[in-house]
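# Commentary on secondary and tertiary structure
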Amino acid sequence: MGVAIVTGASRGIGAAIARRLAAAGHDIIVNCASSVDKAEVVAAECREMGVNALAMQWDVSDHTACEQALAEIKEKMGVPFILVNNAGITRDGLMVRMKEAQFDEVININLKGAFNMLQLCGAMMMRAKTGRIINITSISGMAGNAGQINYCAAKAGLIGMTKTAAKELGARGITVNAVAPGWIDTDMTAGLSDAIKDGAKKQIPLGRFGKPEEIASAVAFLASDEASFISGQTLVVDGGMI
Ligand code: NAP
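Residues numbered from 1 in each chain as written. Predicted model: local features only at pLDDT ≥ 70, side-chain atom pairs only at ≥ 80, totals over all residues. Heavy atoms only, no water.

### Thoughts on the overall build of the chain
Cut-off, in case you're wondering: The numbering of helices and of strands both runs from the N terminus, where a helix is a DSSP run of H or I of at least 4 residues and a strand a run of E of at least 2. When we talk radius of gyration, it's over C-alpha atoms, and the globule rule is simply 2.2 Å times the number of residues to the 0.38. Only heavy atoms matter for contacts: two residues are in contact if any of them lie within 4.5 Å across the pair.
A count of helices and strands for the chain gives nine helices and seven strands. Since a compact globule built from 242 residues should have a radius of gyration of about 18 Å, the 17 Å found for the chain is in line with a globular shape. Overall, the chain is about 50 × 35 × 35 Å in size when its C-alpha atoms are taken along their principal axes. Of the contacts formed within the chain by residues at least 6 apart in sequence, a portion of 73% connects residues at least 24 apart.

### Regarding the site of the ligand
Defined as follows: One heavy atom within 4 Å of a molecule or strand makes the whole residue count as near it. We call two N or O atoms a polar contact when they sit within 3.5 Å, provided that within protein one can donate a hydrogen and the other can accept it, with sequence-adjacent residues counted only if both atoms are side-chain atoms. Surface accessibility in these figures is a Shrake-Rupley result with a 1.4 Å probe; residues are shielded only by whichever protein chains are displayed. Each residue is assigned to one of three groups, with Ala, Val, Leu, Ile, Met, Phe, Trp, Tyr, Cys and Pro labelled nonpolar, Asp, Glu, Lys and Arg labelled charged, and all others, Gly among them, labelled polar.
Around the ligand, 32 residues are found, and the nearest of them are S10, S34, S35, Y151 and T186. With respect to the ligand, the side chain of R11 contributes an N or O atom lying 2.7 Å from an oxygen atom. The contact in question runs from a nitrogen atom of the ligand to an N or O atom on the side chain of N31, over 3.5 Å. Notes on the ligand: free accessible area 900 Å², of which the protein chains cover 94%. Put simply, the parts of the chain that give the shell around the ligand at least two residues each are α1 (12–23), β2 (27–32), α6 (149–169) and α7 (187–190). Tallied by class, the residues present in the shell around the ligand amount to 15 nonpolar, 13 polar and four charged.

### Examining the nonpolar core
What counts here: For our purposes a nonpolar core is just a set of buried Ala, Val, Leu, Ile, Met, Phe, Trp, Tyr and Cys residues, chained together by side-chain atoms within 4.5 Å. Only protein chains enter the accessibility calculation, which uses a 1.4 Å probe. A residue is then buried if its area is under 20% of the maximum for its type, exposed if over 50%, and partly exposed in between.
Counting residues in each nonpolar core, the largest one holds 36 residues, and the members touching the most others are I5, I29, W58, L70, I73, M117 and I133. Looking at this core, the elements that each hand over two or more residues are β1 (3–6), α3 (63–76), α4 (100–128), α6 and β6 (174–181). A39, A43, I134 and A216 belong to the second largest nonpolar core, which has 34 residues in total.

### Quick look at the packing of α4 against α6
Selection criterion: Every axis in this analysis is a line fitted to C-alpha atoms, fitted for helices over the stretch in contact. Angles between the N-to-C directions lie between 0 and 180 degrees. In these notes the angle categories are as follows: under 35 degrees is roughly parallel, over 145 is roughly antiparallel, 65 to 115 is roughly perpendicular, and the rest is oblique. Each crossing gets its handedness from the near helix: less than a right angle anticlockwise from the far helix is left-handed, clockwise is right-handed.
The geometry of α4 relative to α6 is characterised by a closest axis approach of 8 Å and an angle of 15° between their N-to-C directions. One element, α4, and the other, α6, form an angle in the roughly parallel class. Crossing hand, α4 versus α6: right-handed. Between α4, through Q102, F103, V106, I107, N110, L111, A114, F115, L118, G122 and M126, and α6, the contact on the second element is made entirely by I149, N150, Y151, A153, A154, K155, G157, L158, M161, A165 and L169.

What follows is the structure, encoded as structure tokens:
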């Protein structure tokens, strides 16, 4: 078992992934952007499972901040074995009305943030000749979604990045995969109107939104020995929607 970094793990899908990887025996870094109190609670829950866990605040879109965080993690916990690029935001709007800042913010956090961590953590894993990287993309990046051109571009980019990193890092024993959730019950979807939620549910064969734990199970599988020969793949977890 090794050290697992989960970005955006203070709530939602990231928090469920942190708990699931802790249950599998990994030490956990619980990253957040600002809600340090919530990240501390998740880290405490992980420690209750008998592993070491640390809550750490940094902005994944800031390359220097990522570099500093990784140096601190290496010193305090050791070289990471698992990286889960989960941090993400939405700034929805129709394409013709979208502000430049709305586009840039989503690309900077959802795509460049994942690149920052992938590049820096990938270099450490290459020296260690082992590692598991899992990027949380979205079915929106595969199927498109009106009102989310920024988010869909970032999530589609993440799939290309996953395939490329799998090819570059494979020779060092590192696997790189993506998980593409469909609609999941978290803060990200909580603010949507009932009309939008009901419309979405009609398109999901299983007839309901997924739970964060159902994404965490897929991540835990890809991080496990059971998935040792799977790399460059995107595992869709969407209740059958796409
Ligand atoms: P969420 O509940 O809104 O949580 C987002 C997490 O990302 C929080 O922990 C937040 O930290 C963190 N974060 C945001 N900006 C960050 C930054 N710049 N640096 C570091 N951390 C940052 O989201 P979620 O629904 O769990 O989504 C998690 C991932 O799954 C995202 O990549 C999302 O795109 C993807 N996804 C979600 C759904 C869905 O239906 N929910 C579907 C498909 C894909 P703070 O708490 O400090 O703000």
